[in-house]
Structures are given as C-alpha cells and as structure tokens.
Amino acid sequence: MWVVVITVLFVIIFNLGVMRKTSRSILGFTGKLINDVLSFVVFSVLDVLDVLLCYVYKIVDFVVENEWKPCYCSSPKEAIINSGNILVSENGEAEKIVCLTSTKLHLEEISDTLYSRPSRVKEVSKTTVKRTSYVVSSVGKPIGQSPVVVKMPRDKIDGHKAHTVPRWSDCDCDTCNSWSSSCKDTLFVRMDGRKDNVSENVLFIHGFISSSEFWTETLFPNFSRSIKSKYRLFAIDLLGFGKSPKPNESLYTMKEHLDMIERSVLEPNKVESFHIVAHSLGCILALALAVKYPKSVKSLTLLAPPYFPTPKGEEATQYMMRKVAPRQVWPLIAFGASMACWYEHVSRTICLLICKHHRTWKFLTKLITRNRIRTYLIEGFCCHTHNAAWHTLHNVICGSASKIEEYLDMVQNRLNCSVNVFHGRDDELIPVECSDNVKTKVPRAHVRVVEKKDHITIVVGRQKAFARELEQIWKNSKTN
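Everything numeric here is computed off the predicted structure, so don't read it as measured data. (Residues numbered from 1 in each chain as written. Predicted model: local features only at pLDDT ≥ 70, side-chain atom pairs only at ≥ 80, totals over all residues. Heavy atoms only, no water.)

1. Side note on the packing of aromatic side chains
When we look at a pair of aromatic rings, we describe it by the centre distance and by the angle of the planes.
(1) Moving on: Considering all chains together, one arrives at 15 aromatic pairs under this definition.
(2) Moving on: Ring centres 6.3 Å apart and planes at 15° place the aromatic pair F43 and Y343 in the stacked group. Taken together, the positions of F43 in helix α1 (residues 2-65) and Y343 in the loop between α11 (332-342) and α12 (344-354) put the pair 300 residues apart, joining distant regions of the chain.
(3) Moving on: Taking the relative accessible area as the measure of exposure, F43 reaches 1% and is therefore buried.
(4) Moving on: The exposure class of Y343 is buried, given its relative accessible area of 3%.
(5) Moving on: When the centroid spacing of 6.2 Å and the interplanar angle of 35° are considered together, the rings of Y57 and W168 count as tilted. On the criterion of sequence distance, the pair formed by Y57 in helix α1 and W168 in the loop between α4 (154-157) and α5 (174-177) is long-range, its members being 111 residues apart.
(6) Moving on: Given a relative accessible area of 5%, Y57 falls into the buried group.
(7) Moving on: With relative accessibility at 24%, the residue W168 sits in the partly exposed group.
(8) Moving on: An aromatic cluster of three or more residues is present, and its members are F204, F214, W215, F220, F223, Y231 and W474. (Phe/Tyr/Trp six-rings, centres within 6.5 Å; stacked < 30°, edge-to-face > 60°. Helix = DSSP H or I, 4+ residues; strand = E, 2+ residues; numbered from the N terminus. Buried < 20%, exposed > 50% of the residue type's maximum accessible area, 1.4 Å probe, protein only.)

So, in structure tokens, the structure goes:
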C-alpha cells in the first residue's frame, strides 16, 4: 500500500517538475522570439534612419562649418585621409594608417568595423561602397605590390594640428573644453595619496563613456590612511572623455591612447613600477600597457574584461562587434551598445541630444531628485564627443579583438605580477564567461564573480568592500 502511494506521489512530483521546466522553456522561447522579431523590425528602421541622417548631417555640416565632412558609410578612405593620415592596404585589405608629423612616420592599426558593418539597406540596394586599396611610397620606393603614391596636402605633412574648436554638434562648455586653453597636450589626471618619495603607484583606467570620477568618487574616499600614506594614486580621463583633450581629427587608436597615458602619467611623474586597476574598455588598455611594461607592472586587476575568443573561420573584429553590440532591443544596455556601435549617424544624434546638453540633464536630475543623488556617473557618461566614442569603440574594443589573446599569453608567460579579475554575476553587457575565458588563458589569475552585481555596481555600491580587496591585492603583491 505505502509503496503504491509513494510511487504515485513520486510520479506526480516528477510530472509537476517537468511541467514547470516545460512552461519555463516555453516562456523563454516566446520571450526570445518576441525579442528577435522586435529587434529585426527596430534595427531595420535604424538601418534606414542612419542612411537618411547621413545626408542630413552632410548638409548641416556644410552650412555651419563651410566644409563637407566625409563619413565612413560613404567613403572610408576620405574619412581617414581627412584626419591627416594616409590609408595603407595590405593584400587588398585596409588595415593601417600612416601618421605623419614633422619628425615621425609611424603605422597605426584601425578596425575594419569603422567602415564595414552589414546593413539590410545596403544589402537590398546593393550600394555598398567597394573598398579601394591605397599604398604609400617613400623616396620613390613603393611599399607593397602597387607603386601608387598618395599625395598629401603640405600642411598635413608638415605637422597636422588637431582642431581645438568644438564642432557644432559637440558641447562647448568649460568642462568639456578646458583642455583647449591649456598649453599641455596631456590627459586630465586626478591624483591622491603620497606626493613624494613614492615607491608604490596605482593607475586607474575607466571604461567606455566614463571618466576618472568612476574611481575618485567611489574608491578614493574609501582607501585607508595607511594606503594613502604609501601609495600614489592616478585616475585618468582617457583621450576624448571627461576633461581630457578631444581632438576632432583623432582616430583614437590604441597607440594614441597608450601614448597619452605614458605622456600624462608615467613620464612626467617618473613612474617606474605600478599597479593597474581597469574596468571594461580600460582592461584592454591595461593589458596592452602591461605587455609594453612587463617588468614594471606589480599587479593587474581587471573588472569585466571584454574577452571573447574568436572561433575559427570568424573575422575577429566583426565577431567582437557582434558580441559587444548584438543588435538586440533587450537588454537595454545591449540596445544602447548596438546603436552606438552600428550606426555612425544615429549615435551622433544621440550624442547631440545627450552630450551637448549634459548641463541640462544634470540640472533636471538634481531638480527631480531634489539634489539627493550624486551625478558623477551622468557627467562621466555625457562628457565626450561622438568622434571620440565612435573611434574608441571601434579602434580599441573591436580593433583589439585579435590582439587580446596574444596579450593574455604574454601576461601568462612573461609577467610575474598577480592577476585578479572581478565580474558581476548580473552583467548584461559583458557576460561572466569573459572572465572565465581570461582564466583559461591565464591559469594563475584569481577570478571572483560577485553575486547580484552588474557592469556598474561591481564597483558602485560596494566601493568600501572593493577598496579593502584592492588594498589586500597590493599588499600581497609585495610578497609574491
């Protein structure tokens, strides 16, 4: 009797469990289907809108600035050369630019995602612009296979100077343009801690469309007195963000960002060794910096590193773009990233509405909340130009996709520093699997997944605890 009852109960419970799983799977499938259909419709509309905005901005730029401004959807070659650079192709693929100054000639890599992004409008109309290969020659000797010479205007060859006057669609306030009145071509740096006779330095690198206040408003007030008495803390505004320079013609390549960090922090402060703490986009720059200074880095702390190993047969830059910006309307953070990454003119419109009027948004935020919340996140989000955000996203985040694996290999094999990775379990922009991927490449890395935290709250909201964790990491690095 009891055996029969128990068996019946077991069957009922099992069936209920199956039904729950089935209902969940049905709900999950339905939600995904709705998201996919809605995303297809929304991004098809955005494809058309971006083409229309292209013509609108060409007209307005000409009327306001008396100059046609080339863009990547019409002529990538013109957009790059217009910034004082020469486009160099290798085997028919535009991969590098030659930057000319009065004393140097050097190569910098650019991402093909700047000018090669699949669009349904282009696929239907078949008006995709074919890439043209350009090769530079020096002293009559061609580089590459085709002896083609690209002539540059004399003023660009003799020393191309970035325009300091903001474009009509960019903010012209003192905060965003304080750099234009300075004679120093360096990043804005916030310092804290010990001032002289320092042997311990820490460099903080913020993420995409953020600023140094991401660190100075959260961690800096929470570091202990003993740390501030021994360590010198540097938090920078990356090139194009916050109060740092925002040159109009810059392509914001990896090299430009690293050069500015060296020129603004390492060289003037005679920093010989340092710890690095980086978030999101900053993790890519941190890895590149660590590889460049393998004997100087004492510890490497990465928060939400965007590392997506490229599958065989995939193009690294395009794969990274699809992972970071998946063209989905949900989650909202992915929707925002997709608009910023896929649409040159839609994203410029967003910057026009948000960044140019950031003082208004700040005022409204304080008015609505009755000045009860701090607005440093809003300021960091708004204080940049479209040119800076667009090129940094493509040339650093997407453009470094094929390099990150090499960076991690060098960190594992050439660097002796400790490697620590933090990731929010609820991060909807950079999934936790990215940190797991780092652990695979750097087995000695210590990975900590923080429950109920996302891309921002991995720091904001737990700054006291994180400050203690960082202090412990730095102290332990001395004994390693």
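2. What to know about the pattern of salt bridges
(1) Moving on: Going through the model one piece at a time under the given rule, you end up with 23 salt bridges.
(2) Moving on: The shortest N-O distance in the salt bridge between E469 and R462 comes to 2.9 Å. Assigned by exposure class, E469 and R462 land together as buried.
(3) Moving on: Residues joined by salt bridges that share partners form a network here, namely D61, E65, E67, K69, R167 and R348. (Salt bridge = Lys/Arg side-chain N within 4 Å of Asp/Glu carboxyl O.)

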